Amino acid sequence: SLAGDLDAARALVDLLGNAVWGARVWLGPVELVNQSSQSPEPVLQRLPPLDASLVVSGPSGELLVNARAALALVAIGVNWVAAAHSSTLPVVSIVSGDTQCRIGIRQGGGTGEPLAVARWRIIEPTMACLAVAARAIGANVESTENTRDFAVTWTDSAFDRAEQPARRIRRVCSN
């Protein structure tokens, strides 16, 4: 419907605005994914959230992100993957290493913690907007159309594996 497409377009504009101008905070990737159950569209807020599964591997760390923009990236990724395969649950995996954190989304094939994700309407410019929003918050988006895999990766200054606030403050101030 036209009204639904306009709501989706408004949500994308909000996503871009939050990514570019929104305040950034340090947030753990598991906390980020677990908070992705709130939809920005009033019509979609009345629908039950999408069911997914969460798998975490590697040491924890924190991401320097605008929380609203990062939450939207994850939720839209889950919706994009789920749209192609309604018979299996999307699996959201968080993999952290020494220099990066990757939140990947793929269809089925794994078990993990239950996860509820907000519904988002996917319209034509959605994937292009995601790429721009990701760059604005220090991340990179990868998507594969034929397999419907999706990932958001944070590296270097946007990811900190250390638990040392002084190091984090120095790094933020030097950027």
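Above this note sits the structure.
Since this is a predicted model, take the numbers as computed values, not measurements.

### Concerning the packing of helix α1 (residues 2-21) against helix α4 (residues 67-84)
Next up, step 1: Taken N-terminus to C-terminus, the directions of α1 and α4 make an angle of 135°; their axes are 8 Å apart at the nearest point. With respect to each other, α1 and α4 are oriented oblique. Regarding α1 and α4, the two cross each other, and that crossing is left-handed. Between α1, through Leu12, Leu15, Asn18 and Ala19, and α4, the contact on the second element is made entirely by Arg68, Ala69, Ala72 and Ile76.
Next up, step 2: When the residues that make up the contact of α1 with α4 are grouped by side-chain class, the tally is six nonpolar, one polar and one charged.

### Thoughts on α1
Next up, step 1: The end-to-end C-alpha distance of α1 is 28 Å, a good match for the 28 Å that 20 residues give at a rise of 1.5 Å each.
Next up, step 2: Those residues of α1 lying buried are Gly4, Asp7, Ala8, Ala11, Leu12, Leu15, Gly17 and Ala19.

### Considerations on the nonpolar core
Next up, step 1: By size, the foremost hydrophobic cluster in this structure holds 45 residues, and its most contacted members are Leu32 and Trp154.
Next up, step 2: Not counting the four nearest positions on each side in its chain, leucine 32 is found in contact with Leu27, Leu63, Ala67, Ala70, Leu71, Val74, Ile103 and Trp154.

### Considering the sheet that holds strand β6 (residues 113-117)
Next up, step 1: Spatially, β6-β2-β4-β5-β8-β7 is the arrangement adopted by the six strands of the open sheet, whose pairing is mixed. The open sheet has two free edges, formed respectively by β6 and β7 (139-144), since each of these has just one partner strand. Taken over all neighbouring pairs, the strand axes of this sheet differ in orientation by 25° on average, direction set aside.
Next up, step 2: Relative to strand β8 (residues 149-155), β7 runs antiparallel, the two sharing six bridges.

### Brief notes about the pairing of strand β4 (residues 90-96)
Walk down a regular strand and you will see the side chains alternate between the two sheet faces.
Next up, step 1: In terms of burial, β4 is largely enclosed, as six of its seven residues are buried.
Next up, step 2: When strand β2 (residues 50-57) meets β4, the two strands line up parallel, connected through five bridges. Opposite valine 55, over in β4, you have serine 93 as the bridge partner.
Next up, step 3: Looking at chain direction, β4 and strand β5 (residues 100-107) are connected through seven bridges and run antiparallel. Paired with serine 96 across the bridge in β5 is cysteine 101.
Next up, step 4: Hairpin connection from β4 to β5: three residues lie between these consecutive antiparallel strands.

What counts as what
- Residues numbered from 1 in each chain as written.
- Predicted model: local features only at pLDDT ≥ 70, side-chain atom pairs only at ≥ 80, totals over all residues.
- Heavy atoms only, no water.
- Axes fitted to C-alpha atoms, helices over the stretch in contact; angles between N-to-C directions.
- Helix = DSSP H or I, 4+ residues; strand = E, 2+ residues; numbered from the N terminus.
- Parallel < 35°, antiparallel > 145°, perpendicular 65-115°, else oblique.
- Left-handed = near helix turned anticlockwise from the far one by under 90°.
- Contact = heavy atoms within 4.5 Å.
- Nonpolar A, V, L, I, M, F, W, Y, C, P; charged D, E, K, R; others polar.
- Expected span 1.5 Å × (residues − 1).
- Buried < 20%, exposed > 50% of the residue type's maximum accessible area, 1.4 Å probe, protein only.
- Core = buried A, V, L, I, M, F, W, Y, C linked by side-chain atoms within 4.5 Å.
- Pairing = 2+ DSSP bridges.

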